[in-house]
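A look at the structure
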Amino acid sequence: MFHRLLLSLLRHFPLIYSAFRGAYQHKQLKRAHVITPLGFRLSGTPDMESGEFEPEETKQVTELLREVSVFINVGANVGYYVCLARQAEAKVVAIEPLELNVQKLLRNLTANGWN
């Protein structure tokens, strides 16, 4: 409740809101990478980092990656499935419209030595 009220208030003051948003984005981009139980480095949400993110989908994608050489990820977010596919040595096309997520995705790829 408090967070929604604060955000609502900050939106009436765009310069202050912009400063808070910039600080948040900077903090997100500085988060350390962890080695996931799946074997790749990732800076994402705690459930992504712990290997508990979308277990059924992760299992399905892992199985499908045995049969494909190209993986297309629309809405790639920070690159969880992109990293899973790169680890399986698939070529990847990742589409992500949010700039902060693109920056995180690129950091995650670089942390693993992928391009």
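For the structure given in this document, a descriptive report is provided here. The structure displayed is predicted, hence computed values, not measured ones. (Residues numbered from 1 in each chain as written. Predicted model: local features only at pLDDT ≥ 70, side-chain atom pairs only at ≥ 80, totals over all residues. Heavy atoms only, no water.)

Thoughts on the pattern of salt bridges
- According to the stated counting rule, one finds 1 salt bridge in the structure shown.
- Residue R31 is joined to E49 by a salt bridge in which the shortest nitrogen-to-oxygen separation is 3.2 Å. You can see R31 sitting in the loop between α2 (14–29) and β1 (34–35) and its partner E49 sitting in helix α3 (residues 46–50), a full 18 residues away along the chain.
- What makes R31 partly exposed here is its relative accessible area of 28%.
- The exposure class of E49 is buried, given its relative accessible area of 13%. (Salt bridge = Lys/Arg side-chain N within 4 Å of Asp/Glu carboxyl O. Helix = DSSP H or I, 4+ residues; strand = E, 2+ residues; numbered from the N terminus. Buried < 20%, exposed > 50% of the residue type's maximum accessible area, 1.4 Å probe, protein only.)

Re the environment of L84
- Relative to the helices and strands, L84 resides in helix α5 (residues 80–87).
- Here L84 falls in the buried class, since its relative accessible area comes to 5%.
- Once the C-alpha coordinates of L84 and N73 are considered, the two residues, 11 residues apart in sequence, prove to be 11 Å apart.
- Apart from the residues within four sequence positions on either side, L84 is in contact with L38, F40, T58, V61, T62 and L65. (Contact = heavy atoms within 4.5 Å.)

Describing a nonpolar patch on the surface
- On the surface, a nonpolar cluster with roughly 450 Å² of combined accessible area is contributed by V70, I72, V74, V93 and I95.
- Elements supplying a minimum of two residues to the nonpolar patch: β3 (70–74) and β4 (91–95).
- Per-element accounting of the nonpolar patch gives the leading share, 3 residues, to β3.
- Residue position: I72 is located in strand β3.
- According to the relative accessible area criterion, I72 is exposed, its value standing at 57%. (Patch = residues over 30% accessible without salt bridge, like charges linked within 9 Å, V, L, I, M, F, W, Y side chains within 5 Å. Areas by Shrake-Rupley, 256 points an atom, 1.4 Å probe, with all protein chains shown as cover.)

Examining the environment of V82
- Here V82 lies in helix α5.
- For the pair V82 and A94, spaced 12 residues apart in sequence, the C-alpha to C-alpha distance is 7.0 Å.
- Once residues within four sequence positions are removed from consideration, V82 is found in contact with F71, N73, A76, V92, A94, L105 and L109.

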